[in-house]
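# Report on the structure
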Amino acid sequence: MPRPALRLAVELDGDGAHPAAWRRAAHAPGELLSPRRLARTAAAAENAGFTLVTLDDSILPPASGAGPVGRIGAVERAAFVAASTSVVGVAPVVATTYAEPFHVSSQLSSLDHVSAGRAGWVVGAEEDPSAARAWGRPLVEGPEALAREARDGVRVVRDLWDSWEDNAVIRSVATSRYLDRERLHAVDFTGETYSVKGPSIVPRPPQGRPVVLARQGLVPAELTDVALVGGTTAKETGAAGDAAKAAGVPLAFAEIEVALDTPRDTARERIADLERYSPWEERPGRLRYTGSAEGLVVLLAELAASVDGVRLLPLVLDEDLSVLSRLVLPELFVRRLATRPLPGTTLRTSLGLPRPASRFATATTLVREETR
Amino acid sequence: MTRTDPTDVPRPDARLHFGVFFQGVNHWTIWSDPSSGSQIDPASFLRVARTAERGLFDAFFLGDGQRLRESEGGIHELDVAGRPDSITQLSALAAGTDRIGLVSTSNTTYNEPADLARRLSGLDLLSGGRAGWNMVTTHNAWTGENFRRGGFLDHADRYTRAEEFLSVARAVWNGWSEEAVAASADARSWSVPGAVGRVRSRGAHFDVDLAPTLPRSAQGHPVIFQAGDSGEGRDFGARNADVIFSAHGLDFDDALGFAEDLRRRLRAAGRPEGALRILPGTEIIIGATEKEAEEKARWVRLEQVTPAVALGIAGRLWNIDLSGRDADGPLPAEDPVIAEYTGKFGSSRFRDTLATVAEWRAKAEANGWSLREAVIELGPQRGHVGTPAGLAEKFARFVRYGAVDGFNVSPYLVPEGLDDIVDLLVPELQERGVYRTAYTGTTLREHLGLAPVE
Ligand SMILES: Cc1cc2nc3c(=O)[nH]c(=O)nc-3n(C[C@H](O)[C@H](O)[C@H](O)COP(=O)(O)O)c2cc1C
């Protein structure tokens, strides 16, 4: 059986992956924070055939020094994007380091409702101590504590999504009951640092659970739908994908920073131009590709042997997105190396993930369903 | 009713403002009717918001409640429940609407100022300056069980926290100076050096230090709404709010009394009278004739107060489980059980239980009402009932005499419940010169006729 084709995700935060990307953007710097620009970028990604767009976030400014210090919250941007697109999945980065898991659950559940089942969640972690001061919360320090807050956060959020069974809203005129309380569940989570009662205030999301994406190792495999993996070489990246799947994560996506040749400048020239202002520092766990569209297709074909998808982080959105959409994605689709999402399907369906049953759904409620 | 003579009314040029309150959790939204749609489907929200926009409404509102209601030892089952996170839902509506204000009810107790201020700012920017924040102060311990902090706050601390919260939020919103972003890519840095301030605030409730990440919107920052009725609540509103979302909009004298009380508090706070709009929540039931309107109102009440709902409401008043009784029979013969007031149902209406029950008994006996009829007649009255012309006259009087600045309308049906208000009542109001005929601004602040933010 041939391996299923790659799913394609793209990061749309800011003006691109390079800290100086804003200098090559096709708009005035302040326009970055406008709804027009956001809608335009999202439409470009959707029309290109991406399955998913991701939106980075933090309570802290995205850059220090010369880079953009402005950013609208990822959940708000995601909801706006969801309402101005119809096919592409939308996944904001949300950290549960300091945020309330109860609010995070409602926000992501609501994103799934407003997008008719196209929501994902990139689990984040607020590593910078300044985030604690911005929130006014006690500092969460060190990899272990950060992982604990991420893990507990995801656990609570998932439980809250499950806390309304699919048919909890019964609208039974005969008994005068809008809800069936038997199909609503307290999550009764008690962790090391807090507890949450539940149930959610939002009915179960259309996908059951929005798709959870997380950097490999941040949250336990059984709580993750898509592991974001990387390495310094294609080989390392492929091995990381294999490792994530061996650990039990259903899907692995390679994260790749891309700088592409454009009709006017080569990728190298474009990078060199931006390096005059600030360096593009290597991020461990992220592959970087610099060069032609054809070369990227070759790289993705190689990666397709060990990962299920890729998340591309373009150097400059206004430049690279158009090369991706004119030259890279069409070639991937023609060669059946990647698929584009079908209208009317949920993100889970596009990714080939099953729709999970609520973990609270009991045999009796399931039986009752069938006899209705 | 005679037409008001514009020469002897205090505010001959006053205009009525409408908001629509998509309630989400309540027993007033009829869910049993075949025309009642989904309460969570995005299409329902969009349909209501676009209808309101067609009717030149100022704002679309969402409520807040961070724990499902409970009754008889379990989740309350009878009424509409479950709703989206408001800022997320409104951010989606920002893309699907053009002019209407988008107001999120968000509480100051289970949120943190840096985070909430940023989310509201994002909504404000995405909507081109159409965001509003209805500040509420939910405090009950049972909501606290859903949050890291657990159950708190004391009644006395609610408004001090709210006040401190708002001052941090305002600092976050005002953190960027007007020309904070570089005009072109050749600048030394993306932001103009020194143009983005830091917010450092240390008070009884918050100790924060952050760099705000957003500029001001087209309207400066979100419009502040306030809903809370105690003396502290009213003073808080008079000091801080642009709009009061009140529960005093049914009876003219009550509304005027509330408005005058607020204006007094406003003056005491050193703010000009024009700084505040008062929009009571209401329901509007329209018929072609008075008789038809009354019949429709009767139908609405019976759909809202089903026998089970009536038993639930009376059960909470009597503090006795009445399920299984006959709602169409007489009032319970037993005396009510007096328990410590817990605030669990978020209402003080039932505090004086004995007197209330005695009054219900007397009135039911005098009028021959069943229990359900007593609940319908004596429970909180909700709305204005009449013909489009009659209601337009009545509302013109309300607004021209300064009793209200408008209404925040809760449709009893979703998503079509606003249609007759927009199609029938709005034209009558326009004919009387008491309602706008087009949006003249693009921001919520402009719709409400509020002064620009300094
Ligand atoms: C018209 C109106 C609407 C309100 N809506 C909400 C709401 O959606 N969510 C909420 O938690 N509280 C809501 N409240 C409650 C108030 O925020 C406040 O907690 C309550 O009125 C008690 O405060 P008080 O003692 O000042 O009246 C509302 C109050 C009023 C008067």
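No experiment lies behind these values; they were computed from the predicted model shown. (Residues numbered from 1 in each chain as written. Chains lettered and ligands numbered in written order. Predicted model: local features only at pLDDT ≥ 70, side-chain atom pairs only at ≥ 80, totals over all residues. Heavy atoms only, no water.)

## So, the overall build of chain B
Assigned secondary structure in chain B consists of 14 helices and 13 strands. Its C-alpha atoms give chain B a radius of gyration of 23 Å, near enough to 22 Å, the size a compact globule of 454 residues would have. Seen along its three principal axes, the alpha-carbon backbone of chain B occupies a region of about 80 × 55 × 45 Å. Each of the 454 residues in chain B was classed as buried or not, and the buried ones make up 60%. The long-range fraction of contacts in chain B, counting pairs at least 24 apart against all pairs at least 6 apart in sequence, stands at 76%. Counting every atom, chain B has about 17500 Å² of accessible surface; 49% of that belongs to carbon and sulfur. Both charge centroids of chain B, one from 50 positive and one from 64 negative side chains, sit 4 Å from each other. (Helix = DSSP H or I, 4+ residues; strand = E, 2+ residues; numbered from the N terminus. Rg over C-alpha atoms; globule rule 2.2 N^0.38 Å. Buried < 20%, exposed > 50% of the residue type's maximum accessible area, 1.4 Å probe, protein only. Contact = heavy atoms within 4.5 Å. Areas by Shrake-Rupley, 256 points an atom, 1.4 Å probe, with all protein chains shown as cover. Lys, Arg positive; Asp, Glu negative; His and termini not counted. Charge placed at Lys NZ, Arg CZ, Asp CG, Glu CD.)

## Focus on the overall build of chain A
When you go through chain A residue by residue, the secondary structure sums to 11 helices and 13 strands. With the principal axes as the frame, chain A shows a C-alpha extent of 70 × 50 × 40 Å. Across the 372 residues in chain A, those meeting the buried criterion constitute 63%. Of the contacts made within chain A by residues no fewer than 6 positions apart, 77% connect residues no fewer than 24 positions apart. Total accessible area on chain A stands at roughly 13800 Å², and carbon and sulfur atoms take up 53% of it. On chain A, the mean spot of the 43 positive side-chain charges and the mean spot of the 47 negative ones are 4 Å from each other.

## With respect to the site of the ligand
All names here are of chain B. Close to the ligand lie 15 residues, the nearest being Asp64, Thr138, Tyr159, Asp229 and Ser230. Here an oxygen atom of the ligand sits 3.2 Å away from a polar atom, N or O, in the side chain of Thr137. At 2.5 Å from an oxygen atom of the ligand is found a side-chain nitrogen or oxygen belonging to Thr138. Relative to its free-state accessible area of 620 Å², the ligand is covered by the protein chains to the extent of 74%. Elements with a contribution of two residues or more to the shell around the ligand: helix H5 (155-173) and strand S10 (243-246). When the residues that make up the shell around the ligand are grouped by side-chain class, the tally is 4 nonpolar, 8 polar and 3 charged. (Near = heavy atom within 4 Å. Polar contact = N/O pair within 3.5 Å; in protein donor to acceptor, adjacent residues only side chain to side chain. Nonpolar A, V, L, I, M, F, W, Y, C, P; charged D, E, K, R; others polar.)

## A few points about the domain arrangement of chain B
How big an interface is tends to be stated in terms of accessible area lost as the parts join. Residues and elements named next belong to chain B. The domains assigned to chain B are domain 1 (17-181 + 191-283 + 382-448) and domain 2 (290-378). On a C-alpha basis, the centroid separation for the pair domain 1 and domain 2 is 29 Å. Counting each side, the surface lost to burial between domain 1 and domain 2 is near 1700 Å², with a carbon and sulfur contribution of 59%. Sorting the residues of domain 1 by area buried against domain 2 places His27, Ile30 and Val385 first, and these three jointly supply 27% of that buried surface. The residue Glu283 makes a salt bridge to Arg301 at a minimum N-O spacing of 2.8 Å. Elements with a contribution of two residues or more to the side of domain 1 that touches domain 2: strand S3 (70-71) and strand S12 (383-386). The biggest single contributor to the side of domain 1 that touches domain 2 is S12, with 3 residues. Considered class by class, the residues forming the side of domain 1 that touches domain 2 number 6 nonpolar, 8 polar and 7 charged. (Domains from an automatic or database assignment. Buried area = accessible area lost by both parts, 1.4 Å probe. Salt bridge = Lys/Arg side-chain N within 4 Å of Asp/Glu carboxyl O.)

## Here's the deal with the packing of helix H3 (residues 113-126) of chain B against H5 of chain B
Residues and elements named next belong to chain B. Orientation of H3 relative to H5, taken along the N-to-C sense of each, is 50°, at an axis distance of 9 Å. It follows that H3 is oblique to H5 by the angle criterion. Both H3 and H5 take part in a crossing whose hand is right-handed. Contact residues: H3 offers Pro113, Leu116, Ala117, Leu120 and Ser121, while H5 offers Phe165, Val168, Ala169, Val172 and Trp173. Of the residues assigned to the contact of H3 with H5, the class counts are 9 nonpolar, 1 polar and no charged. (Axes fitted to C-alpha atoms, helices over the stretch in contact; angles between N-to-C directions. Parallel < 35°, antiparallel > 145°, perpendicular 65-115°, else oblique. Left-handed = near helix turned anticlockwise from the far one by under 90°.)

## Points about the nonpolar core
Ile256 of chain A together with Phe18 and Phe60 of chain B are the most contacted members of the largest nonpolar core, which totals 171 residues. Excluding residues that lie within four positions of it along the chain, Ile256 of chain A makes contacts with Leu287, Tyr289, Leu299, Leu300, Leu303, Val310, Arg311, Leu312 and Leu313 of chain A. If you look at the next biggest cluster of nonpolar residues, it comprises 23 residues, including Trp164, Val202 and Phe360 of chain A together with Ile40 of chain B. (Core = buried A, V, L, I, M, F, W, Y, C linked by side-chain atoms within 4.5 Å.)

## Some points on the UniProt feature "domain: Luciferase-like" (unreviewed entry) in chain A
As annotated in UniProt, the feature "domain: Luciferase-like" (unreviewed entry) corresponds to residues 30-270 of chain A in the numbering used here. Span residues 30-270 of chain A is 35% helix and 19% strand, its end C-alpha atoms 22 Å apart. (UniProt positions renumbered as here; feature names shortened; annotations may be inferred.)

## Let's talk about the pattern of salt bridges
One pass over the full model with this rule turns up 72 salt bridges over all chains. For Asp79 of chain B, the salt bridge is made with Arg69 of chain B, and the minimal N-O distance between the two is 3.3 Å. In this pair, Asp79 of chain B is assigned in the loop between strand S4 (74-75) and helix H2 (86-96) and Arg69 of chain B in the loop between strand S2 (59-62) and S3, connecting sequence segments 10 residues apart. One connected set of salt bridges, linked through shared partners, spans Arg24, Asp265, Arg270, Asp273, Arg276, Glu319 and Asp320 of chain A.

## Re the packing of aromatic side chains
All names here are of chain B. A full pass over the atoms with the stated rule returns 23 aromatic pairs over all chains. Arranged with centres 5.6 Å apart and planes meeting at 45°, the rings of Phe18 and Tyr435 form a pair that is tilted. Of this pair, Phe18 sits in strand S1 (residues 17-22) while Tyr435 sits in the loop between helix H13 (419-431) and helix H14 (444-447), and the two are 417 residues apart along the sequence. You can call Tyr435 buried: its relative accessible area is 2%. Considering the side-chain rings of Phe61 and Phe225, the 5.1 Å spacing of their centres and the 90° angle between planes classify their relative orientation as edge-to-face. One end of the pair, Phe61, is in strand S2; the other, Phe225, is in strand S9 (residues 223-226), and 164 residues separate them in sequence. Taken individually, Phe61 and Phe225 each receive the classification buried, so the pair is uniform in this respect. (Phe/Tyr/Trp six-rings, centres within 6.5 Å; stacked < 30°, edge-to-face > 60°.)

## Thoughts on the interface of chain A and chain B
Between chain A and chain B, the contact holds 72 residues from the first and 72 residues from the second. A buried area of about 5900 Å², summed over both sides, lies between chain A and chain B, and 61% of it is on carbon and sulfur atoms. For chain A, the biggest contributors to the area lost against chain B are Tyr178, Arg181 and Ile201 of chain A; these three give 12% of the whole. Between chain A and chain B we count 5 salt bridges in total. One salt bridge connects Asp57 of chain A with Arg118 of chain B, and the closest N-O pair in it is separated by 2.6 Å. Applying the counting criterion to the chain A and chain B interface returns 33 residue pairs in polar contact (both at pLDDT 80 or more). Counting residues per element, the ones that place at least two in the side of chain A that touches chain B are helix H1 (35-48), helix H2 (74-84), helix H3 (101-114), helix H4 (129-135), strand S5 (169-172), strand S6 (177-179) and strand S8 (195-196) of chain A. A per-class count over the side of chain A that touches chain B returns 37 nonpolar, 21 polar and 14 charged.

## Description of the UniProt feature "binding site: FMN" (unreviewed entry) in chain B
Residues and elements named next belong to chain B. The sites that UniProt annotates as "binding site: FMN" (unreviewed entry) are Asp64, Thr105, His155, Tyr159 and Ser230. If you trace the backbone, Asp64 turns up in the loop between S2 and S3. The contacts of Asp64, once residues within four sequence positions are left out, are Arg83, Thr105, Ser106, Asn107, Val136 and Thr138. A distance of 2.7 Å separates polar atoms of two side chains, one belonging to Asp64 and the other to Gln66.

## A look at helix H6 (residues 231-240) of chain B
Taken together, the buried positions of H6 of chain B are occupied by Gly233, Arg234, Phe236, Gly237, Ala238 and Asn240 of chain B. Residues of H6 of chain B that are buried make contact with strand S6 (131-136), H5, S9, S10 and helix H7 (252-268) of chain B.

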